[in-house]
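# Per-entry structural report
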Amino acid sequence: MELEILQKIIVEVLNVDPSEVDENTTFMGDLGADSLDLFQVIMAIEEAFDIEISAEAVESVETVGQAVELIKSAKGMN
């Protein structure tokens, strides 16, 4: 569930094709996201899942899969 919602957020915020987004996709390398793009994605994630994500946690996220794990962790699901 988290992956599907995150994919929708990424497609909307970064204006990319849904087929480009899977768990192994990197935000900066594969999707060409910059720090502002990532900030917008994180804000949308926090709103969609009603969670807060620390700046330190965000810095460690490079792939979509890592972002999914971060969401699960923030929701207390890990």
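Each remark here, short or long, concerns the structure printed above.
Starting afresh in each chain, residues are numbered from 1 along the sequence in its written order. Since the coordinates come from a predicted model, pLDDT governs what is reported: local features require at least 70, and pairs of side-chain atoms require 80 or more to be given and counted, while whole-chain, interface and lining totals use all residues. Think of the side-chain values as coming from all heavy atoms in the structure, minus any hydrogens and water.

## Regarding the overall build of the chain
To qualify as a helix, a DSSP run of H or I must reach at least 4 residues; to qualify as a strand, a run of E must reach at least 2; elements of each kind are numbered from the N terminus. Secondary structure assignment for the chain yields four helices and zero strands. Element order for the chain, N to C, with α for helix and β for strand: α-α-α-α. With the radius of gyration taken over C-alpha atoms, the globule rule is written as 2.2 Å times the number of residues to the power 0.38. The C-alpha atoms of the chain give a radius of gyration of 11 Å, which matches the 12 Å a tight globule of 78 residues would have. The principal-axis extent of the C-alpha atoms belonging to the chain is close to 30 × 25 × 20 Å. Working definition: with a 1.4 Å probe on protein chains only, accessible area under 20% of the residue-type maximum means buried, over 50% means exposed, and in between means partly exposed. The buried share of the chain, reckoned over its 78 residues, is 38%. Note on contacts: a residue pair is in contact if any heavy atoms of the two residues lie within 4.5 Å. Excluding contacts between residues fewer than 6 apart, the proportion of contacts in the chain whose partners are at least 24 apart in sequence is 55%. For accessible areas, the Shrake-Rupley method is used with a probe of radius 1.4 Å. Any residue's cover is judged against the shown protein chains and nothing else. Within the structure as shown, the chain displays about 4,900 Å² of accessible surface, and the carbon and sulfur contribution to it stands at 47%.

## Some thoughts on the nonpolar core
Residues Leu6, Ile10, Phe27, Val41 and Ile45 are the most contacted members of the largest nonpolar core, which totals 24 residues. Those elements giving two or more residues to this core turn out to be helix H1 (2–14), helix H2 (35–49) and helix H4 (64–74). Residues contacting Phe27, with those up to four places away along its chain left out, are Ile10, Gly32, Ala33, Leu38, Val41, Val61, Glu62, Thr63, Val64 and Ala67. As used here, the term nonpolar core means buried Ala, Val, Leu, Ile, Met, Phe, Trp, Tyr and Cys residues forming a set that is joined through side-chain atoms within 4.5 Å.

## What about H1?
For a helix, the expected span equals 1.5 Å multiplied by the residue count minus one. Between its first and last C-alpha atoms H1 spans 18 Å; for 13 residues at 1.5 Å apiece the expected length is 18 Å, and the two agree. Along H1, the positions that sit buried rather than exposed are Glu2, Leu3, Leu6, Ile9, Ile10 and Leu14. Looking down the long axis of H1, one finds its buried residues gathered within 120 degrees of arc, a one-sided arrangement. Opposite the buried face of H1, by more than 90 degrees, sit the exposed residues Lys8 and Glu12. Positive phi appears at Asn15, one or two residues downstream of H1, with a value of about 55 degrees. For this quantity, the arc is that covered by the directions from the helix axis to the C-beta atoms.

## Description of H4
Taken residue by residue, H4 has Val64, Gly65, Ala67, Val68, Leu70 and Ile71 as its buried positions. Buried-residue contacts for H4 involve H1, H2 and helix H3 (55–59). Just downstream of H4, Gly76 is the residue with a positive phi angle, here 80 degrees.

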